Structure formats: C-alpha cells, structure tokens
Amino acid sequence: MLYAEQALLGALLLEPARLADLDHLASEHFGDHAHSALFTAMRTAAVPAADEHRKAPVWLRRVLEAARPQAPGLTASYLHTLVHRCPWPGHAAAYARMIEADHARRMLREHADRLTQNATDASLPDPAATVLAQCDALASFLETLSGRFAPHPGSLPRTPQPPPARNTAGEEALEEERALLACATARPSRLREMRWLQPENFVLPLHGQLFACLTALVHRREPVDAVTVLWEAQHQHLLHAGFTPADLIDLLATPVGIPEHWGEKILRRALLTQAHTTALRIRAFTDDAANTPHQLATGSRRALADLTALRSRWQRATHTPAALSRSPAVPRAGPRLRATAASPTTRVSR
C-alpha cells in the first residue's frame, strides 16, 4: 500500500485536476500519516491554472506549505520522490481504489478487535448487550462494504480458519451447569420452554450430554428423576471410572433455584465465546492480504451466521414473558417435598 499511496500522490502532484475524480477518497483512508496530511493539503490548497502549473512548481510549494503543520518532517525532495514513484498519472483512480480497499480492511480489523475486547471483558456491566451492539455495528459496516465494492467470481475467502476460542471451564461455570442439571431433574416440565438451550452451549461436554439425556426423556414423555436419568446416561455410554453412578446421583441430588436462571447464565457464556470465535475468524480474513474487499465482506458475513443463530436463541430466552417476570434463583436444599394443604384450624391470616 505504500507504493499505491505514493503513486496516487505523485499522480496528483503531476496532474492536480484529477482530484475532481476522487470524490470517494478521504484523508483518513491513507495508512501513512504524512500521506494523509499531503492529501488533506491538496484538498484545501488552491489548484493553479494549467499554464501556471506547467511553467513553475507552484502547486508543489502550496501543497508542501499546507501539509507541513500536520507533518513537519515533509521535504520538497520527498514530493519529487512521489512524482517519480508514479508509473502513470492516468491510473490515479485505480490507485485510489487500492487505498480505499486497504482502508476497508483496516476498519474491518478494528471492528473485529472491538468485538474481541467486548467478548472477553469481564468488567462490563452487561457484556451480552455490549457484544450484540458491536455485532450490529459490524453488520452495518459489512453492508456498507458490500455496496462500495463490486462482487466477483470466487467470492469466498480461502483463508484457513483459526481454532475456535477456548471456553475455559472455570469452577463458576461448572457449578452453574451442575445447578441446571439438578434443577432440570427436579422440574423437568420447565425444559419444554427451554428449547433455546442446546447441549453444545455447555462448557463441559459431559454436562451437555447429560442435558441431552434430560431433554430426550422429556421429549419421550417418560418419568424424570435421578434414577431415570442414570438409566439414560448408561445407555449413552456416559458412565465410566471417572464418572460413576454415585457421582451422577450426587450431582442431581440438591437442586437450587430454577432451571431458567442457570440456563440463561450458560447461554450468555456461550454467546460471548461464540462472539470471540467470530472475531478471531474475521481477524484471520483481514490478516490475509490475498482477500479482496468483497471476499472480506462475504467471509465475515458467514462468520457472523453462527453468532446470529445463537443470538436468536438468546433473545428467545430473555424476551419471553416468563423471562421478564422471572424471579431470581432461590436456594432450595434437599429433594422436592409434596405440599399439603393446611387445615382451616391451623391457617392464619396474613
């Protein structure tokens, strides 16, 4: 891009009238600060008449004087270097398109970097909302990018995909998943309204497989308790020396709270992890200089597809009437007890 910027500036120093054909190009599109200052100076300095330009270097002096306050290191000799670096002034529009394409690549990388930061910043008050807002900004930029650059054959990038972001299985995440499994076993009817949660959203694969056992029992309308879940887990080859039947019974023994509360926490963590993975894929596209702007837009949209699907499930989980009126999790120790109605003689007034 250094050659493209030098060639364009050299063409404009030779033929300043070509500035009128570069309406879409702006000074911030240049990657080099001195080049950006020179282009700004060309936009502000008075363009000499054609005869005056041919007789004396008036245009070069005006551009240098206007650009020096922003780039004091510029010299007259460097302007002459730019002139010699221009192969053909008539190709100025092509050089400008190259500069615009590289600027689009840098802007896309900035969007991906912000998405990465938001997905991994634990200090945010509402990380899910912040990540989704950044996704909207990224999607809007991709829409603009698609409109600025024409499509062409072979629009999919061939960049190898980086490995997905690792969802570290912290103790807090594991406790939340254990709590969900215990609560879902105690209240299996709630699972019918929790189709927004999937086994792949769990940090620990074993927990996701146990959740699949629970949903399978509910789908078949079979009884659900610790013993029936154990039976289903045995059929799915989930029991082994490191996870015995006693371990499973203990895991399901003490439900705390309600399944929806823990399910939202699990899905939020999966949403942030998927956002991080999406950002890593887009950054890989921008790091590959072989990708054209159209390929960057197409590949980035594909990378956003998985995040969009997960976002839809997150919205179903958090925007339903039950979710809006949901009370926080209340600890509840021990197995469920059958409630008995109090007799009229023991019932007291509020």
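The preceding data block contains the structure.
My aim in this report is to walk through the structure given alongside it, one point at a time. All figures in this text were calculated on a predicted structure; none of them were measured in a lab. (Residues numbered from 1 in each chain as written. Predicted model: local features only at pLDDT ≥ 70, side-chain atom pairs only at ≥ 80, totals over all residues. Heavy atoms only, no water.)

### Description of the side chain of Gln-134
This is how the line gets drawn: Secondary structure counts use DSSP, requiring at least four H or I residues in a row for a helix and at least two E residues in a row for a strand, with both numbered from the N terminus. The contact criterion used throughout is that any non-hydrogen atoms of two residues lie within 4.5 Å.
Position of Gln-134 among the secondary structure elements: in helix 7 (residues 127-148). Setting aside residues no more than four positions away along its own chain, Gln-134 makes contact with His-111, Arg-114, Leu-115 and Asn-118.

### Some thoughts on the pattern of salt bridges
To keep things clear, this is the line we draw: Here, a salt bridge means any side-chain nitrogen of Lys or Arg that lies within 4 Å of a carboxyl oxygen of Asp or Glu. For the exposure calls, accessible area comes from a 1.4 Å probe over protein chains only, and a residue counts as buried if that area is under 20% of its type's maximum, exposed if over 50%, partly exposed in between.
Summed over all chains, the structure comprises 15 salt bridges. Note that Arg-18 and Glu-15 form a salt bridge whose closest N and O atoms lie 2.4 Å from each other. The exposure class of Arg-18 is partly exposed, given its relative accessible area of 27%. Each of Arg-109, Asp-113, Arg-283 and Asp-287 takes part in a single network of salt bridges with overlapping partners.

### Quick notes on the environment of Thr-308
Definition in use: Throughout this description, a polar contact denotes any pair of N or O atoms lying within 3.5 Å of each other; where both atoms belong to protein, one of them has to be capable of donating a hydrogen while the other can accept it, and for residues adjacent in sequence the pair is counted only when both atoms sit in side chains.
Along the polypeptide, Thr-308 turns up in helix 13 (residues 293-318). We classify Thr-308 as partly exposed; its relative accessible area is 45%. Sequence separation of Thr-308 and Leu-132 is 176 residues, and the distance between their C-alpha atoms is 9.4 Å. A polar atom in the side chain of Thr-308 sits 2.8 Å from the backbone oxygen of Leu-304.

### Notes on the nonpolar core
Here is the rule: To form a nonpolar core, buried Ala, Val, Leu, Ile, Met, Phe, Trp, Tyr and Cys residues must be joined to one another through side-chain atoms within 4.5 Å.
Counting 60 residues, the largest nonpolar core has Leu-180, Leu-197, Leu-210 and Leu-248 as its most contacted members. Mapped by element, the contributors of at least two residues to this core are helix 6 (92-120), helix 7, helix 8 (171-186), helix 9 (205-219), helix 10 (226-235), helix 11 (245-251), helix 12 (259-287) and helix 13. Ranked by residues supplied to this core, first place goes to helix 12 with ten residues. Not counting the four nearest positions on each side in its chain, Leu-248 is found in contact with Leu-210, Val-229, Leu-230, Ala-233 and Phe-243. In this structure, Ala-11, Ala-34, Cys-86 and Ile-99 belong to the second largest nonpolar core, which totals 33 residues.

### Brief notes about the packing of helix 1 (residues 2-14) against helix 2 (residues 33-44)
As a reminder, the rule being used: Orientation is described by lines fitted to C-alpha atoms, with helices fitted over the stretch in contact, and by angles between N-to-C directions that extend from 0 to 180 degrees. An angle counts as roughly parallel when it lies under 35 degrees, as roughly antiparallel when it exceeds 145, as roughly perpendicular when it falls between 65 and 115, and as oblique in every other case. Crossing handedness is read from the near helix: turned anticlockwise from the far helix by less than a right angle, it gives a left-handed crossing, and turned clockwise, a right-handed one. Residues are grouped as follows: Ala, Val, Leu, Ile, Met, Phe, Trp, Tyr, Cys and Pro are nonpolar; Asp, Glu, Lys and Arg are charged; all remaining types, including Gly, are polar.
Look at helix 1 against helix 2: their axes get within 11 Å of each other, and the N-to-C directions meet at 25°. The angle between helix 1 and helix 2 falls in the class roughly parallel. Seen from above, helix 1 lies across helix 2 with left-handed handedness. Along its contact with helix 1, which presents Leu-2, Glu-5, Gln-6, Leu-9, Leu-12 and Leu-13, the element helix 2 presents His-35, Leu-38, Phe-39 and Met-42. Class assignment for the residues of the contact of helix 1 with helix 2 results in seven nonpolar, two polar and one charged.

### Here's the deal with unusual backbone geometry
Non-glycine residue Arg-221 carries a positive phi angle of around 60°. Its location among the elements puts Arg-221 in the loop between helix 9 and helix 10.

### Brief notes about helix 5 (residues 76-84)
Helical geometry: 3.6 residues make up each α-helical turn, so side chains three or four residues apart lie on a common side. Keep this limit in mind: Our arc is simply the arc of the directions from the helix axis toward the C-beta atoms.
Turning to helix 5, its buried residues are Leu-79, Leu-82 and Val-83. Seen end-on, helix 5 carries its buried residues on one side only, within an arc spanning 100°. On its buried face, helix 5 is in contact with helix 1, helix 2 and helix 4 (58-67).

### A short note on the packing of helix 6 against helix 7
Close contact between helix 6 and helix 7 brings their axes to 9 Å; oriented N to C, the two are set at 165°. As far as their axial angle goes, helix 7 and helix 6 are roughly antiparallel. By crossing handedness, the relation of helix 6 to helix 7 is classed as left-handed. Packed against helix 6, whose contacting residues are Glu-100, Ala-104, Met-107, Leu-108, His-111, Arg-114, Leu-115, Asn-118 and Ala-119, the element helix 7 presents Thr-130, Val-131, Gln-134, Cys-135, Ala-137, Leu-138, Phe-141, Leu-142, Leu-145 and Arg-148 at the interface. Residue classes in the contact of helix 6 with helix 7 are distributed as twelve nonpolar, four polar and three charged.

### Some thoughts on the environment of Asp-287
Residue placement: Asp-287 occurs in helix 12. Here the alpha-carbon distance between Asp-287 and Thr-159, two residues 128 residues apart in the chain, equals 9.1 Å.

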